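Architecture and fold: a report
Residue strings, one per chain:
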Amino acid sequence: MAEQGRGDSGGDGAGRALPPHSPSGVLLQTVEMHTGGEPLRIVPRLEAAEQAAAAGLSLLSLRRELAARQDHVRRALMHEPRGHAGMYGAVVVRGAAAAEGAHLAALFLHCAGYSAMCGHAVMGLGRFALDYGLVPAPTRPETAVLLRCPCGPVTAFVPWDGRRSGNPVRFHSVPAFAAATDLAIDVPGHGKVVVDVGFGGTFYAFLNAEQLGLDVCSSKTRDLVSAASAVTEAVKKQFKLCHPESEDLAFLYGTILTDGKDAFSEEPTTNICVFADEQVDRSPTGSGVTARIALQYHKGLIQLGQTRTFQSSTTGSLFTGKAETKFGNYNAVIVEVSGEAFYTGTATFTVEEEDPLKHGFFFK
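The following refers to the structure shown. These numbers come from a predicted model, not from an experiment. (Residues numbered from 1 in each chain as written. Predicted model: local features only at pLDDT ≥ 70, side-chain atom pairs only at ≥ 80, totals over all residues. Heavy atoms only, no water.)

**What to know about the overall build of the protein**
- Of regular secondary structure, the protein possesses 6 helices and 18 strands.
- Its C-alpha atoms give the protein a radius of gyration of 21 Å, within 12% of the compact-globule value 21 Å for 364 residues.
- Counting only C-alpha atoms, the protein reaches 70 × 50 × 35 Å along its principal axes.
- Split into buried and exposed, the 364 residues of the protein put 54% on the buried side.
- Taking as baseline every contact in the protein between residues at least 6 positions apart, the subset at least 24 positions apart corresponds to 64%.
- Distance between charge centres in the protein, computed from 32 positive and 38 negative side chains, equals 1 Å. (Helix = DSSP H or I, 4+ residues; strand = E, 2+ residues; numbered from the N terminus. Rg over C-alpha atoms; globule rule 2.2 N^0.38 Å. Buried < 20%, exposed > 50% of the residue type's maximum accessible area, 1.4 Å probe, protein only. Contact = heavy atoms within 4.5 Å. Lys, Arg positive; Asp, Glu negative; His and termini not counted. Charge placed at Lys NZ, Arg CZ, Asp CG, Glu CD.)

**Here we look at the packing of aromatic side chains**
- Overall, the coordinates contain 9 aromatic pairs when judged by the stated rule.
- For the pair Tyr-204 and Tyr-253, a centre-to-centre distance of 5.8 Å together with 55° between the ring planes defines the contact as tilted. Linking Tyr-204 in strand S11 (residues 203-208) with Tyr-253 in strand S12 (residues 252-258), this pair joins segments that are 49 residues apart in sequence. Comparing Tyr-204 with Tyr-253 shows no difference in burial state: the two are buried.
- Taken together, a centroid distance of 6.4 Å and an interplanar angle of 85° make the contact between Phe-251 and Tyr-253 edge-to-face.
- On the basis of relative accessibility, which here comes to 6%, the residue Tyr-253 falls in the buried class.
- Put simply, the rings of Tyr-88, Tyr-204, Phe-206, Phe-251, Tyr-253 and Phe-275 touch in pairs and so form one group of aromatic residues. (Phe/Tyr/Trp six-rings, centres within 6.5 Å; stacked < 30°, edge-to-face > 60°.)

**So, the pairing of strand S3 (residues 88-93)**
- Counting buried positions along S3 yields 6 of 6 residues, so the element is predominantly enclosed.
- A two-sided burial pattern is seen for S3, the buried positions comprising Tyr-88, Ala-90 and Val-92 on one face and Gly-89, Val-91 and Val-93 on the other.
- Of the strand pairs in this sheet, strand S2 (residues 38-43) and S3 are connected by 3 bridges, and their pairing is parallel. Along S3, the bridge assignment pairs Ile-42 with Ala-90.
- Direction of pairing for S3 relative to strand S4 (residues 104-110): antiparallel, over a ladder of 6 bridges. By the bridge assignment for S4, Tyr-88 is matched with His-110. (Pairing = 2+ DSSP bridges.)

Dropping the structure here:
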């Protein structure tokens, strides 16, 4: 986030900084991308975050610090009038927080707060890291980009032709695992349903939309969102989540409704992810694919190395996923997810101090 003055006020407008802004205002500069239709608004540098990281805060602690002291940045960029109800973002953190071999660290933003992991953002950030020179010596035909996420280290593998990055981008997840299977949950308005809960950097509940009297491919999105949100709230109340490494990761991020096609097949399986405050992922959801693969592996429905294709019910975009290797002494796996991330532009947003809506508003 850079702070700049208004510039020359000559009558012809020449030499003025654009867009005009108040002397005490700030400019927010971003790189715009999407992965499978899901937006990614990248903040290449946020000085306050890097200062906090330099003071020794972990990324999970930095996530709390940003929420407590810099949340106006998230609201200004995610909410209207600069964002929308489906906006998603990432703050790139360099320096101390990206130590231990990582090329960069990232904090993930959405309309309701902050996530611990985001697969579609990792794919976009992999390309961004190469094209914006954050990887000192990229290699052809593919470069490994090491990212530190709040949930842990993740590696993206990005095509590189010597001049620019390309697609598809794949990444290797943090250890993913099944937290619960065949869990009976009472959902108000829907009765008892059976869900699985999986971790792919963050926790999701999964169930076939048919249990809710819906079809993930043909039902109205509003009905799918309402039902998925009801499931999320019911699981939060009736099942206590635990993460083996950090209580900060022990929260349910959302619910993913599926077409029920969990057994291995060459045909795509379709899902819709509803996360945070009824936010809908336009992509198949990278961390969701990771968790779903872990659940399928846990249930013996797929084997190591078998690649599945996952389709978004909202845009039709595709990710692939496979369980690469087992991890540790419990039934966790490292999952590889692949998709395509594209640039849509760059932006400079003005924040004028006298604007009563300068930090945005949330309308849904």
